[in-house]
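Reading the structure
Next come the chains, spelled out residue by residue.
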Amino acid sequence: MAKQSEPRSYYAPTGGHPPQSQLTTDRAVFTEAYAVIPKGVMRDIVTSHLPFWTGTRLWVLSRPLSGFAETFSQYIMEVQSGGGSDKPETDPTAEGVLFVVEGEMTLTLNGQQHQMKEGGYAFIPPSSDWQLHNNSGAVVRFHWVRKAYEKVDGVDVPEAFVTNENDITPLEMPGTDGAWSTTRFVDMSDMRHDMHVNIVNFQPGGAIPFAETHVMEHGLYVLEGKAVYLLNKDWVEVEAGDYMWLRAFCPQACYAGGPGPFRYLLYKDVNRHMKLPTFGR
Ligand SMILES: NC(=O)N[C@H](N)C(=O)O
């Protein structure tokens, strides 16, 4: 498949509050198997802040809840011009992926500066030396996916990298004639990585034509387009700006609705044994 030639579109929430005259329950859902956070509920009142960040607020889309069954956290960060952090990460075990959906920012990683724009992607290994600042004169919004890195004896920690999805050729799923493809930022056979944050692309009418059911968790943020998505036993309409959190084993499928592409940023835990219980031994 050729590299993308048409401009891509990236939905980013802007916050604000609905007027008092508006009454809507929107499409927010939380079940034992999944949650849906529609774009319409990413408002000012549900933002948070983080230590050591200035001019910044965030929407916490997911994070480990039970203390044992969930692997990752995902934020949409909103950094005003002049804001940022010299100490962005406070957990030395955390690896991270940044993905820019609006604006421009400067990431300094191991002393090297990177200007990141829409579609920009950075992988940050645990215990990295990094800082992030927005000197662009406008707001920047980006995803930050974090996970405790699972080190394996004899397997190296992967190195940091910065790229842009527009420089990567998506890989077609077999037999789909390009209707379903995945933009992969790391090689699937690279055992140093224990999480993948990919972009899944569907052309109008493209589908996941079976209920994928697997132990890996997912965070899905819809970058572009609309679809109907199977989450456990429910078919849910989703569109650009909506977020879905899927627990392990949640059955999932979809049909892309058109008229343009349907695309989402997808988190998935991979390539590790699960810790086995020792039953007191
Ligand atoms: N919901 C998804 O897009 N799932 C992916 N096909 C995956 O698990 O790789």
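Per chain, residues are indexed from 1 in the order of the written sequence. It should be noted that, the model being predicted, local features are given only for residues of pLDDT at least 70 and side-chain atom pairs only at 80 or more, the latter also being counted only at that level, while totals for whole chains, interfaces and linings use all residues. Processing note: side-chain calculations cover all non-hydrogen atoms of the structure and skip hydrogens and water entirely.

Once that is clear, we can look at the UniProt feature "domain: Cupin type-2" (unreviewed entry) in the protein chain. UniProt positions are given in the numbering used here, feature names are shortened, and annotations may be inferred rather than shown by experiment. Look at the UniProt record and you will see "domain: Cupin type-2" (unreviewed entry) annotated at residues 199-265. Going along the chain from the N terminus, every DSSP run of H or I of four or more residues is numbered as a helix, and every run of E of two or more is numbered as a strand. Between the first and last C-alpha atoms of residues 199-265 the distance is 5 Å; the span itself is 0% helix and 63% strand.

All right, on to the state of the cysteines then. Disulfides are defined in this document as cysteine sulfur pairs within 2.5 Å. What the rule picks out here adds up to zero disulfides. Looking at Cys250, it has no disulfide partner, and the nearest cysteine sulfur is the one in Cys254, 13 Å off.

To continue, consider the site of the ligand. All residues adjacent to the ligand are Trp180, Ile208, Glu212, His214, His218, Tyr229, Gln252, Tyr264, Leu266 and Lys268. Take Tyr229: an N or O atom from its side chain is 2.9 Å from a nitrogen atom of the ligand. Here a polar contact means two N or O atoms within 3.5 Å. Within protein one must be a hydrogen donor candidate and the other an acceptor candidate, and residues neighboring in sequence count only if both atoms are side-chain atoms. Within the side chain of Tyr264, one N or O atom sits 2.6 Å away from an oxygen atom of the ligand. If you list the elements that add at least two residues to the shell around the ligand, you get strand 15 (207-212) and strand 21 (262-269). With three residues, the single largest contributor to the shell around the ligand is strand 21. Throughout, the ten residues Ala, Val, Leu, Ile, Met, Phe, Trp, Tyr, Cys and Pro are labelled nonpolar, Asp, Glu, Lys and Arg are labelled charged, and all others, Gly among them, are labelled polar. Per-class residue counts for the shell around the ligand are five nonpolar, three polar and two charged. By convention in these notes, a residue is near a molecule or strand provided one of its non-hydrogen atoms lies within 4 Å of it.

Right, let's get into the UniProt feature "domain: (S)-ureidoglycine aminohydrolase cupin" (unreviewed entry) in the protein chain. UniProt annotation of "domain: (S)-ureidoglycine aminohydrolase cupin" (unreviewed entry) refers to residues 68-149 when read in the numbering used here. Summarising residues 68-149: 0% helix, 62% strand, and an end-to-end C-alpha distance of 15 Å.

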